[in-house]
Amino acid sequence: MRQYLKFRRLATCWLSALALLGGWQPTARAAVMVYTGHAPESVDDERYDYHWAVLRAALDATRPQWGDYKLRFAPRMNEARQLQELGQPRGRLNVLIRETNRDYERRYLPVRIPIDRGLLGYRVLLIRAARQPEFAKVTTLAELRRFSIIQGEGWGDIAVLRRAGLKVETDSSYDGLFRMLDRGLGDAFSRGVTEVEREIRDYRPQYRQLALERELLLYYPLPTYFWFGRDADGQRLARRAEQGMRRLLRNGEFQRLFQAYHAGLIQRLDLKHRRLIRIDNPFLPPDTPFADASLWFDPTTAK
């Protein structure tokens, strides 16, 4: 045993000397980077499938530089708890998908590349079918102000719509928003284009007058980012994600993923031929990357 320990000490000294002389460098196996995101809120919740596919592609693209990774999901929790966990050094998740605002950008670290190319900011209206002729006459924001818009209590859209001079009616229950529309307690329910088809499928059996308004498309910028903690670990995770996403932008894979997930929807809703009403969002942080047009979806050029 003494001879073994003596040999081990001599070997350690020898290897250290070589390292100091630059003749040899010990190599350590890089630790696997673990990204822990928020789980779907139900078994049918597919809202973030595309976003996680983008992150996986970005992390795959950076394997040569950063090594292996794992993408896993935390137990289900509400949005407030997700934000709380992200802000803790050893929280149960370390990456979120959220729209930006000034408060988030102060508290957390965003990768300022809109994951869905700003698609979330394009909104169509759910209405009662009999009212389609009234909405067909709307051509400007001023004319839209004659109608009240239904939104969920506490949603970030409310401040944007009210700042634009629109009347907003709210309810704290998601299901209650469809009841409000059915009972005439609001004129239109503004929905993201990626949400509306599923909602019509799920709620029309109960509310037979529920219909998709056929001619209007609202737009207020709501860029959605990947968010990380501001500690050293969060910065490292964010740096890899951003490098990968920018590589996807350069090689065209970002656009291919967007088309694979959204092209059919964009065509079915006929976004290109709807009357576009733009609404300012004065609550966006100043670093929102509007100057780079390649990051943003434009329905007027959609194929």
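The structure presented is a predicted model; accordingly, all values stated were derived computationally and were not measured. (Residues numbered from 1 in each chain as written. Predicted model: local features only at pLDDT ≥ 70, side-chain atom pairs only at ≥ 80, totals over all residues. Heavy atoms only, no water.)

1. Here we look at the overall build of the protein chain
- Scanning the protein chain from terminus to terminus reveals 12 helices and 12 strands.
- For the protein chain, buried positions account for 47% of its 303 residues.
- In the protein chain, once contacts between residues fewer than 6 apart in sequence are set aside, the share between residues at least 24 apart is 77%. (Helix = DSSP H or I, 4+ residues; strand = E, 2+ residues; numbered from the N terminus. Buried < 20%, exposed > 50% of the residue type's maximum accessible area, 1.4 Å probe, protein only. Contact = heavy atoms within 4.5 Å.)

2. Concerning the nonpolar core
- In terms of nonpolar packing, the biggest core is built from 56 residues, with Tyr-35, Leu-55, Phe-226, Phe-228 and Met-245 touching the most fellow members.
- The greatest single-element share of this core, amounting to 8 residues, is contributed by helix 2 (residues 49-61).
- The contact partners of Met-245, leaving out residues within four places of it in the chain, are Val-54, Ala-58, Val-111, Ile-113, Ile-115, Phe-226 and Phe-254. (Core = buried A, V, L, I, M, F, W, Y, C linked by side-chain atoms within 4.5 Å.)

3. Details of the confidence of the model for the protein chain
- Residues of the protein chain with pLDDT of at least 70 account for 89%, and the chain-wide mean is 89.
- This stretch, residues 1-29, has a pLDDT under 50; its non-local contacts, to residues over four places away or in other chains, come to 6 contacts. (pLDDT = per-residue confidence, 0-100.)

4. Points about unusual backbone geometry
- Notably, Arg-117 is not glycine yet its phi reads approximately 60°, a positive angle.
- Mapped onto the secondary structure, Arg-117 falls in the loop between strand 4 (109-111) and strand 5 (122-128).
- Even without a glycine there, the phi angle at Asp-270 is positive, about 55°.
- Judged by its relative accessible area of 35%, Asp-270 falls in the partly exposed class.

5. Notes on the side chain of His-262
- With respect to the helices, strands and loops of the structure, His-262 is situated in helix 12 (residues 253-268).
- Overall, the relative accessible area of 8% leaves His-262 in the buried class.

6. Concerning the packing of helix 2 against helix 12
- At a closest axis distance of 11 Å, the pairing of helix 2 and helix 12 adopts a crossing angle of 155°. If you check the angle between helix 2 and helix 12, you find them roughly antiparallel. In the packing of helix 2 onto helix 12, the handedness of the crossing is right-handed. Counted together, Asp-49, Tyr-50, Ala-53, Val-54 and Ala-57 of helix 2 and Phe-254, Leu-257, Phe-258, Tyr-261 and His-262 of helix 12 form the full contact between these two elements.
- When its residues are assigned to classes, the contact of helix 2 with helix 12 shows 8 nonpolar, 1 polar and 1 charged. (Axes fitted to C-alpha atoms, helices over the stretch in contact; angles between N-to-C directions. Parallel < 35°, antiparallel > 145°, perpendicular 65-115°, else oblique. Left-handed = near helix turned anticlockwise from the far one by under 90°. Nonpolar A, V, L, I, M, F, W, Y, C, P; charged D, E, K, R; others polar.)

7. Points about the pattern of salt bridges
- Evaluated as defined, the whole model comprises 21 salt bridges.
- Measuring nitrogen to oxygen at the nearest pair gives 3.6 Å for the salt bridge that ties Arg-92 to Glu-85.
- Using a relative accessible area of 40% as the deciding quantity, one classes Arg-92 as partly exposed.
- With a closest N to O distance of 3.8 Å, Glu-213 and Arg-274 form a salt bridge. Of the two residues, Glu-213 sits in the loop between strand 9 (210-212) and strand 10 (216-219) while Arg-274 sits in the loop between helix 12 and strand 12 (275-278), which places them 61 residues apart along the sequence. Comparing Glu-213 with Arg-274, the two get one shared label, buried. (Salt bridge = Lys/Arg side-chain N within 4 Å of Asp/Glu carboxyl O.)

8. A word on the layout of surface pockets
- Roughly 290 Å³ of volume is contained in the second largest pocket.
- Around the second largest pocket sit 18 residues that line it, and Gln-88, Pro-89, Arg-90, Asp-231 and Asp-233 are the ones nearest its centre.
- Among the residues making up the lining of the second largest pocket, the classes are represented as 4 nonpolar, 7 polar and 7 charged. (1 Å grid on protein atoms, 1.4 Å probe; cavity = no way out; pocket = protein on both sides within 12 Å on 5 of 7 lines; lining within 4 Å. Points joined across faces, edges and corners; volume = space filled by probe spheres on them.)

9. Side note on helix 10 (residues 196-203)
- Within the span of helix 10, buried status applies to Val-196, Glu-199, Ile-200 and Tyr-203. Taken down its axis, helix 10 places every buried residue within 100° of arc, on the same side.
- Buried residues in helix 10 make contact with strand 5, helix 9 (174-182), strand 8 (188-192) and strand 9. (Arc of directions from axis to C-beta.)

10. A look at the sheet that holds strand 11 (residues 224-228)
- Here 3 strands make up an open sheet; going across it, the order is 3-11-4 and the pairing antiparallel. If you trace the sheet from one side to the other, it starts and ends with strand 3 (96-99) and strand 4, each paired once. Ignoring strand direction, the axes of neighbouring strands in this sheet form an average angle of 45°.
- Relative to the sheet, helix 4 (residues 79-86) contacts strand 3 and strand 11, its axis offset from that of strand 3 by approximately 120°.
- In the packing of helix 11 (residues 232-251) onto the sheet, the strands contacted are strand 4 and strand 11, and the crossing angle to strand 4 comes to about 10°. (Pairing = 2+ DSSP bridges.)

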